[in-house]
Amino acid sequence: MTEHRSDPALRTKDAGGSDPLDREVIHRDEAADRTGDWAETTLEAKAAGPDIEEASLWSDAWRSLRKNPFFIVGALLLAVFLVMAVFPQLFTDVDPRECDLARSAEGPSAAAWFGYDVQGCDYYANVVYGARVSVTIGFLAMLGTLAIGVLVGSLAGYYGGWIDSVLARITDIFYGLPLILGAFILLSVLPERGVVEVSLALIVFGWMTSMRLVRSTVVSVKEADYVQAARALGAPTRRILVRHILPNAIAPVLVYSTIFIGTLIAAEATLTFLGIGLQLPEISWGLQINSAQNRLRDAAHLIFFPSLFLSLTVLSFILIGDALRDALDPKLR
Amino acid sequence: MIPTSTALSQTPSSPAPLPGAPVLEVEDLSVEFRTPKGVVRAVNGISYEVNPGETVAILGESGSGKSVSVQAVMGILDSPPGFVTGGRVLFEGRDLLGASAEEQRAVRGPGISMIFQDALSSLNPVFTVGHQIAEMFRAHQGTSRKEAKEAAIELLDRVRIPAARERVNAYPHQFSGGMRQRVMIAMALALNPKVLIADEPTTALDVTVQAQIMELLKDLQRDTGMGLLLITHDLGVVNEVADRVLVMYAGNVVETGTVDEVFSDPSHPYTEGLMASVPAVEDKGKRLQPIVGTPPDLSRIPPGCSFHPRCPRRVLEGAPPGKNCQDDIPLLLPVGTAGRASACHYRKEVLRARSAGTPA
Amino acid sequence: MGRYVARRLLLTIPVLIGASFLIFAMVYALPGDPIRALAGDRPLSPAVQAALRDEYNLDDPLWLQYAKYVWGLLQLDFGTDFSGREVWDIIERRLPVTAKLALAAVIFEALIGLAAGILAGIRRGSFFDNLVLVTTTLIVSIPVFVLGFVAQYLFGLRIPIFPTSGIRDGWYSYLLPGLVLASLSLAYVARLTRTSLAENLRQDYVRTARAKGLKPSVVIGKHTLRNSLIPVVTFIGADIGALMGGAIVTETIFNIPGLGRAVYDAVLRQEGAVVVGIVTLFVFFYIFFNLVVDILYALLDPRIRYD
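Residues numbered from 1 in each chain as written. Chains lettered and ligands numbered in written order. Predicted model: local features only at pLDDT ≥ 70, side-chain atom pairs only at ≥ 80, totals over all residues.

### Remarks on the overall build of chain B
Reasoning step 1: Helices and strands together make up the secondary structure of chain B, namely 13 helices and 12 strands.
Reasoning step 2: Taken over the C-alpha trace, chain B has a radius of gyration of 21 Å; the compact-globule value for 360 residues is 21 Å, and the two agree within 12%.
Reasoning step 3: With the principal axes as the frame, chain B shows a C-alpha extent of 70 × 50 × 45 Å.
Reasoning step 4: Looking at chain B as a whole, 48% of its 360 residues qualify as buried.
Reasoning step 5: Considering only contacts within chain B whose residues lie at least 6 apart along the sequence, 65% involve residues at least 24 apart. (Helix = DSSP H or I, 4+ residues; strand = E, 2+ residues; numbered from the N terminus. Rg over C-alpha atoms; globule rule 2.2 N^0.38 Å. Buried ≥ 20, exposed ≤ 12 C-beta atoms within 10 Å, placed from the backbone. Contact = placed C-beta atoms within 7 Å.)

### Topic: the overall build of chain A
Reasoning step 1: The number of helices and strands found in chain A is 15 helices and zero strands.
Reasoning step 2: Scored against the burial criterion, the 333 residues of chain A give a buried share of 57%.
Reasoning step 3: Of the contacts made within chain A by residues no fewer than 6 positions apart, 73% connect residues no fewer than 24 positions apart.

### Focus: the sheet that holds strand 1 (residues 24–35) of chain B
Residue and element names in this part refer to chain B.
Reasoning step 1: What the four strands build is an open sheet, ordered 2-1-4-5; its pairing is antiparallel. Among the strands making up the open sheet, the edge pair consists of strand 2 (38–50) and strand 5 (94–95).
Reasoning step 2: Bridging between strand 1 and strand 2 involves 10 bridges; their strand directions are antiparallel. Residue pairing across strands places Leu24 opposite Val50, the latter belonging to strand 2.
Reasoning step 3: Contacts from helix 2 (residues 66–74) reach strand 1, strand 2 and strand 4 (82–91) within the one sheet, and its direction differs from that of strand 1 by about 110°. (Pairing = 2+ DSSP bridges. Axes fitted to C-alpha atoms, helices over the stretch in contact; angles between N-to-C directions.)

### Re the interface of chain C and chain A
Reasoning step 1: Of the residues lining the interface, 60 residues belong to chain C; the matching set on chain A comes to 50 residues.
Reasoning step 2: Counting only elements with at least two residues in the side of chain C that touches chain A, the list comes to helix 1 (2–29), helix 6 (127–141), helix 7 (144–158), helix 8 (172–201), helix 10 (216–253), helix 11 (259–269) and helix 12 (272–300) of chain C.
Reasoning step 3: With 13 residues, the single largest contributor to the side of chain C that touches chain A is helix 10 of chain C.
Reasoning step 4: For the side of chain C that touches chain A, the class distribution of residues is 41 nonpolar, 15 polar and four charged. (Nonpolar A, V, L, I, M, F, W, Y, C, P; charged D, E, K, R; others polar.)

### Quick word on the nonpolar core
Reasoning step 1: Grouped together as the largest cluster of nonpolar side chains are 291 residues, with contacts concentrated most on Ala183(A) and Phe184(A).
Reasoning step 2: The greatest single-element share of this core, amounting to 17 residues, is contributed by helix 10 of chain C.
Reasoning step 3: Excluding residues within four positions of it along the chain, Ala183(A) makes contact with Ala201(A), Leu202(A), Phe205(A), Ala267(A) and Leu271(A). (Core = buried A, V, L, I, M, F, W, Y, C linked by C-beta atoms within 7 Å.)

### Overview of the interface of chain B and chain C
Reasoning step 1: In this complex, chain B contributes 21 residues to the contact, which on the side of chain C involves 18 residues.
Reasoning step 2: Of all the secondary-structure elements, those providing two or more residues to the side of chain B that touches chain C are helix 3 (101–107), helix 4 (119–122) and helix 5 (129–141) of chain B.
Reasoning step 3: No other element matches helix 5 of chain B, which puts four residues into the side of chain B that touches chain C.

### Thoughts on helix 14 (residues 285–292) of chain A
Residues and elements named next belong to chain A.
Reasoning step 1: Here helix 14 lies mainly inside the structure; seven of its eight residues are buried.
Reasoning step 2: Restricting attention to buried positions, one finds in helix 14 the residues Trp285, Gly286, Leu287, Gln288, Ile289, Asn290 and Ala292.
Reasoning step 3: The inward-facing, buried residues of helix 14 contact helix 5 (123–129), helix 6 (131–159), helix 13 (250–273) and helix 15 (301–328).

### Description of unusual backbone geometry
Residues and elements named next belong to chain B.
Reasoning step 1: The phi torsion at Glu200 lies on the positive side, around 50°, for a residue other than glycine.
Reasoning step 2: As for its position among the elements, Glu200 is in the loop between strand 7 (195–199) and helix 9 (207–224).
Reasoning step 3: Located in the positive-phi region is Ala250, a residue other than glycine, with phi close to 50°.
Reasoning step 4: Turning to its location among the elements, Ala250 is positioned in the loop between strand 9 (244–249) and strand 10 (252–258).

### Here's the deal with the sheet that holds strand 3 (residues 55–59) of chain B
Residues and elements named next belong to chain B.
Reasoning step 1: Spatially, eight strands are ordered 6-7-8-3-9-10-12-11 in an open sheet, and the strand pairing comes out mixed. In the strand order of this sheet, the two ends are held by strand 6 (112–115) and strand 11 (333–334), each with one partner.
Reasoning step 2: Bridge analysis of strand 9 against strand 10 gives six bridges, and the strand direction is antiparallel. The residue bridging Leu246 from the neighbouring strand is Thr256, located in strand 10.

### Some points on the confidence of the model for chain A
Reading fine detail from the predicted coordinates is not recommended where pLDDT is low.
All names here are of chain A.
Reasoning step 1: Looking at chain A as a whole, its pLDDT mean stands at 75, while 81% of the residues score no less than 70.
Reasoning step 2: Between the elements of chain A, mean pLDDT differs from a low of 32, seen in helix 2 (residues 40–47), to a high of 91, seen in helix 9 (residues 195–204).
Reasoning step 3: Across residues 1–52, confidence stays below pLDDT 50; counting only partners more than four residues off in sequence or on other chains, it has 148 contacts. (pLDDT = per-residue confidence, 0-100.)

### Some details on the confidence of the model for chain B
Reasoning step 1: Counting all residues, the mean pLDDT for chain B is 81, and 91% of those residues have values of 70 or more.
Reasoning step 2: Across the interfaces of the predicted complex, the ipTM metric reaches 0.83, alongside a pTM of 0.80.

### Section: the environment of Ser196(C)
Reasoning step 1: Its place among the elements puts Ser196(C) in helix 8.
Reasoning step 2: The spacing of Ser196(C) and Asp77(C) is 119 residues in sequence and 45 Å in space, taken between C-alpha atoms.

### Considerations on the packing of helix 8 (residues 179–189) of chain A against helix 9 of chain A
Residues and elements named next belong to chain A.
Reasoning step 1: The N-to-C vectors of helix 8 and helix 9 enclose an angle of 135°; their axes lie 8 Å apart at closest approach. Compared by their axis directions, helix 8 and helix 9 come out oblique. The element helix 8 and its partner helix 9 pack so that their crossing is right-handed. Only Glu197, Val198, Ala201, Leu202 and Val204 of helix 9 make contact with helix 8, whose side of the interface consists of Leu179, Gly182, Ala183, Leu186 and Leu187. (Parallel < 35°, antiparallel > 145°, perpendicular 65-115°, else oblique. Left-handed = near helix turned anticlockwise from the far one by under 90°.)

### Focus on the packing of helix 15 of chain A against helix 6 of chain C
Reasoning step 1: Contact pair helix 15 of chain A / helix 6 of chain C: the axes reach a minimum separation of 8 Å and the direction vectors enclose 130°. Judged on the interaxial angle alone, helix 6 of chain C and helix 15 of chain A are oblique. The two elements helix 15 of chain A and helix 6 of chain C cross, and the hand of that crossing is right-handed. The residues of helix 6 of chain C that touch helix 15 of chain A, namely those facing Ser311(A), Val314(A), Leu315(A), Ile318(A), Leu319(A) and Asp322(A), are Thr137(C), Val140(C) and Ser141(C).
Reasoning step 2: The residue inventory of the contact of helix 15 of chain A with helix 6 of chain C, partitioned by class, reads five nonpolar, three polar and one charged.

Shown next, in the form of structure tokens:
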């Protein structure tokens, strides 16, 4: 997921028939969207019902999730990495910063399961401690993209007209820059590059799809009878949006955001690997792979272990997201 | 034989079976769907026959198994989950269910043809209507592209689509609903089938267009002498065009006979209920009587007579032996005039009460 | 159709301008002194600094800098890098490399992705279908740069059958990086094809095709595939543009002297003109291929009407 493409699995059919300009929107996502190829279109349609259907949607989803082996594997993996991120001490009592150059790049052994890095630090401890920044940036950046997505998407979808057109064009502009490339350039001009800066860069170039998801949901339900009824009763706009419209977007946004955390974690590692993300002395998988990149020949374990942990973390989010999508979209079952 | 003449030929192209012999016979056909939630018995041993030139209607609510039964006949049941679990389908005396896939395929089109309810979704959106009609000739007769197209134009003309020569290159979405259904009919009739199965052919159409389509079907049937098997829930359509009718409920035929007899004097409480639920001129001012309750879930068909929970005439307490509606399954047995049958323990009583109660 | 294309072309202009301004603003307006970065560790005399500021219009307000830049672009003047080389020369030299890489990737993406997706979609629930599901999930989970190392390790070190660095072996050197660049898209294409095919197999017109007595190969190969492939073909088409912009990681790992590698080097050296020039070109390609796909879509699906 590193070299960011918009994920067809996450596409949302732009339900915006209201905007004649919508046909002109320049984004590759739409190419496959028109026939609503992946799950989201039906998912939206399903989610667009009243509350009773919502309730059974979620309980049905939970029932099918519990039986899905992919979900169980994903959830277990995620649990392990979450605990690892919060309490690395549970996994190792070795200090990752306690190094001895004499052991530089030694391979795995009984004493050090993952061997030692170039500085002679225990690699297992380092890889375990690397989970924290990855998971932190994943969640932080996801929440940021979600916040922008919900805000901009609601505005565009609810007000329509020229506001929608302008916001759609702005979204197109950001879509023109791939996540990695955009964040790469932005980070290169920032003087400091820590967890917050990397998350920010990923948010700036990663909010567009959740905006489209929210927008299309808002467009598809804002004319629904129960929304009209709320409006007729004089409910304020914000209340209508929050209480009546946005709940319909939860299912598609949840699926998307889960998978997107994986994308963001991979993106952070990529940026850091390219030398433009996190910086030493931070402990991160991207940095570990970066500093070992020329040792593929003689110390492949230095690349292998952080890569494995990184990929498994991304995998856990993708497995859960895929399972959620299948569970929330009965049509594909 | 060149295709254009085949398309227009008014006589069957292969030797007809013995005169008077049914062209299509269905015997004891059963179909079930095996789903993760359990087995759904959609059709439970139904039998009927269609004679050349005859129109047989299968009448039933949605979920009664009427569409599934003809998909099984046609060999286009989605399998899995659908499985034919028993019975025979004889086309001109040959059992299709036992035939090879290739033999079955050869019958579809020239032997038995089918039109569907929603012509928009049933026609392929990315091919022109001309291409889709011409495909029949090309696939079954190896006709050249050019000749097949000419034949398609003539067929469009025959189903009364104006400016057929221009319209042949149009796509399905460029037609109106009625015109699309005409395209479907043209396609189905391309190879002069012996039997045409029409699955709810007018349900998706406006009332005025419905009448035109049914008239077209009747005219074409008169010209070709094909048997017509009409699947519908529309009592009016059955009344107008069908010779005989099978009334289906929960995967079973509950009553069969000529349309006149069944409609004027039902011998099954379900048919009776259907009649009472449609407005009739002579009943003006009277309240319509809908059938109470809902059709059963086919994975949980009620024991005994599947209609008994909704039946106003059910007998539970003190029923004669073998005639308890809740315990004993009623068989489709003769009643009244020859050829009539009803699957009700009390069919004779129903028939008598009806005749006595409402003088025709 | 002609009017539609013209209108689409017009509407791409604000997006192109917006995106290039975004890049321009990031590179030139954010904190950090480009002259200092330019000079690196060498001390610069105030006179030289002033000359440089003048040359790069650094004392103008941002919008004027940008306007001057666009005015240059319109005359194919992409500016020069710090050593005085024309950015356009860099592009001319490196574009063919990146284009070849993207082409190799698209071919892999289409061939392998489509084949896997079709076979899986026709037999849903089969062993092969599950294999495709699991494999694509794994591929999507492994970041491209990690995949690059895996490929280098397996096919460059363990079984040394592919070159893992540079482009000295002509087309042959593009195979491994092409496959790595394609991996993610390939997994998407396989899944997209599978889902699309399975969805189309349920359509009424497929039932009609069977009722017409067509051979199973025609029912699937013609009536189902033709419709199923519309979203796939458009995805692949639009992906060409994205692959070029995404080549930065692959080109860095495999040491391929293409545009992605040039951007990478230029960003690290803070060569603003090179970064803005090449990334603007990426955005242009991205928009261009999306436009092509939109037109392609109209040709593939007669239901889409643009007027």
